[in-house]
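# A structural walkthrough
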Amino acid sequence: MTCEEFWNSLSRPPGAEFFEPGGEERAHLLECAACDARLARQRELAAGLRSLADSYRGLKAPGRVEARLIRAFHAQHGAPVGMNRPWLVPVWAAAAALLLAAALLLTTGRQPAAPHRTPTGLELASMDAVSASDGFTAETETTEEREGFIPLPNAEGIGPNDDVNLVRVEVPRSALVALGVDVNADQASDRVEADVLLGSDGVARAVRFLD
Amino acid sequence: MSGRPESDEDLLMRIRSGDEEAFLWLYRRRQGAIYRFTLHMSGSATVAEDITQEVFLALLREECGYDPDRGTLSGYLFGIARKLVLRHLERGRADVQLEAGGEDSVLPELAIAQDPLEHLTQHERIEALRRAVVTLPRRYREVVVLCDLEEVDYADAAVVLGCPIGTVRSRLHRARALLLEKLNRDWPKRAVVKELKPARVLI
C-alpha cells in the first residue's frame, strides 16, 4: 500500500476522517513513519477540536436576547398563549397583587429623611447604563409598554404623547435607597436590572425594576 | 409540553400560529449553537449577540423562507447566521488578508518532525487552537466551526454553505492542515527547545 492509497482509504467513509485503520492500513503505518506521525497529529488535532468544542458547549446568548425576542413576538402575535389558560388566572392575580403591594411600598410606605431629587444624566451614566454598542439599544416605547414604572421623586410626569426613551441598566442595590427602600448592607453592592424611562430631555422620569 | 420532544418543524408550525411557548422551546434549543457559530466566525460577543437575535427575528417574520425540502430548520438558521456574519465581515473588511490563500492553492505539507501540541497544557492547547481557528480564512473557519465544533453533519453543512458535500470535505481537510501548520508556526521556540535536547553525548 502506498501513502496515497493509505490516505485515500482513510478518507473513504464519509464523515469519519480519523477512523481506526484496518489491517492493511496498520501494516502501512508500521512501514511508514511519516504517515504514522501524520495520522497521530491529525488525531491529536481532532481531540483538541473536541476539547475546544466542549469548552464552549455551555456558552449561550445572554438572557437579554431572549427578552427582546419575546417582546418582538408579542408585538407580532399579541398576548401570550398562556394568558388564555384559565388555570393561570389566579397566578396572574396573585402576581399583580404582589406587584401592586411592592409599588405601594416603594412609593408611599417609606419616606427617606433627605428630600428626593431627580438623578442627573451623570448619575445615570454612573449606573452602568449599557451602551448601544454593547448590545443594548435605547428604544422608543409606546404608552402601553410603560406599565410597571415607578415615577422618580420630583421628576416631571410623562404625558401620553411625550417622546420617551427606555434604557436598561444595571444598578447597585444601594440605588434603591433613593426610592426609600431599606437595603441590607450585605446586599448593597449586589446589582439589579432596571428599565429607566428617559424624557426627550434625557432626564430620568421613571424606573421599573426587573428583579 | 410533555413526552417526546417536538421536532423543530413542529415547533415552527406552532410558532406560526402564535404559540410563544413553542418559540421559546425552539429558541432555547438552537440559540447556543447559533451564538457560538457567530462568535467563532466574528470573534465578537457583541456581534454574536446581535446576529443571534436577528436570526430568530427572521424566523418570526412573515416572509421567513424556510423550506423543509431543502434541509433542516437548524441548517436554515445557521444559513441566516452565516449570511449576516459574512455581511458583517465584508462591511468591516475584517479578514481580507486571510482570504489570500484560495481553495486551489497547494495544500500545506504537514510537518512531522515536531508536535507543538504535546508541549502545551490542556488550557494552552485549547486557547491556542481557538486562536488558530479564529484566524483561519473565512471559508475554512466556517467549515471547521460547523463540522468540528458544532458537529453539524456534512449534508447540512453543504446546505448551509451552498456547496456540494465533496467541497465541504475538501475544505475541512485543508482547514485541518492549516490549523496544524498554524500551531507549528506559532510556537517555534518550544519546538526548538526539544530539538536541542541532546539525544546522545558526542565525544
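Structure shown above.
Report follows, based on the coordinates. Everything quoted here is computed from the prediction, not taken from an experiment. (Residues numbered from 1 in each chain as written. Chains lettered and ligands numbered in written order. Predicted model: local features only at pLDDT ≥ 70, side-chain atom pairs only at ≥ 80, totals over all residues.)

### So, the overall build of chain A
Where we set the bar: Helix and strand assignments come from DSSP, with helices taken as H or I runs of at least 4 residues and strands as E runs of at least 2, each series counted from the N terminus. Exposed residues have 12 or fewer other C-beta atoms within 10 Å of their own C-beta, buried residues have 20 or more, and residues in between are partly exposed; the C-beta atoms are placed from the backbone. In this description, any two residues whose backbone-derived C-beta atoms lie within 7 Å of each other are considered to be in contact.
When helices and strands are counted, chain A shows six helices and five strands. Overall, chain A shows an N-to-C arrangement of helices and strands of α-α-α-α-α-α-β-β-β-β-β. Put simply, chain A has 211 residues, and 14% of those count as buried. Across chain A, the fraction of contacts at a sequence separation of at least 24, relative to all contacts at a separation of at least 6, is 60%.

### A look at the interface of chain A and chain B
Much of the literature gives interface size as the accessible area that the parts lose upon coming together. Here is the rule: In this classification, the charged set is Asp, Glu, Lys and Arg, the nonpolar set is Ala, Val, Leu, Ile, Met, Phe, Trp, Tyr, Cys and Pro, and all remaining amino acids, among them Gly, are polar.
Of the residues lining the interface, 34 residues belong to chain A; the matching set on chain B comes to 34 residues. Elements represented by at least two residues in the side of chain A that touches chain B include exactly helix H3 (33–56) and helix H4 (63–77) of chain A. In terms of residues, the side of chain A that touches chain B owes the most to one element, H3 of chain A, which gives 14 residues. Considered class by class, the residues forming the side of chain A that touches chain B number 17 nonpolar, 10 polar and seven charged.

### With respect to the pairing of strand S4 (residues 191–199) of chain A
All names here are of chain A. The cut-off we apply is this: At least two DSSP bridges between two strands are required for those strands to pair.
Inspection of the sheet shows strand S3 (residues 164–172) paired to S4 by nine bridges, in the antiparallel sense. Note that in S4 the partner of Val 171 across the bridge is Val 192. Relative to strand S5 (residues 204–209), S4 is paired through five bridges, and the arrangement is antiparallel. Directly across from Asp 195, in S5, lies its bridge partner Arg 208.

### Comments concerning helix H3 (residues 45–60) of chain B
To keep it simple, the criterion reads: Take the number of residues in a helix, subtract one, and multiply by 1.5 Å to get its expected span.
Taking 1.5 Å of rise per residue, the 16 residues of H3 of chain B would be expected to cover 22 Å, and the 23 Å separating its terminal C-alpha atoms lies within 8% of that figure. The set of residues buried in H3 of chain B consists of Val 47, Ala 48, Glu 49, Ile 51, Thr 52, Gln 53, Val 55, Phe 56 and Leu 59 of chain B. For H3 of chain B, the secondary structure elements touched by its buried residues are H4 of chain A together with helix H2 (20–42) and helix H4 (73–92) of chain B.

### A few points about the environment of Leu 26 of chain B
All names here are of chain B. Of note, Leu 26 is situated in helix H2. It is 6.6 Å that separates the C-alpha atoms of Leu 26 and Leu 11, two residues lying 15 residues apart in sequence. With residues near it in sequence (within four places) discarded, Leu 26 still touches Asp 8, Leu 11, Leu 12 and Ile 15.

That's the geometry; what it means functionally is another story.
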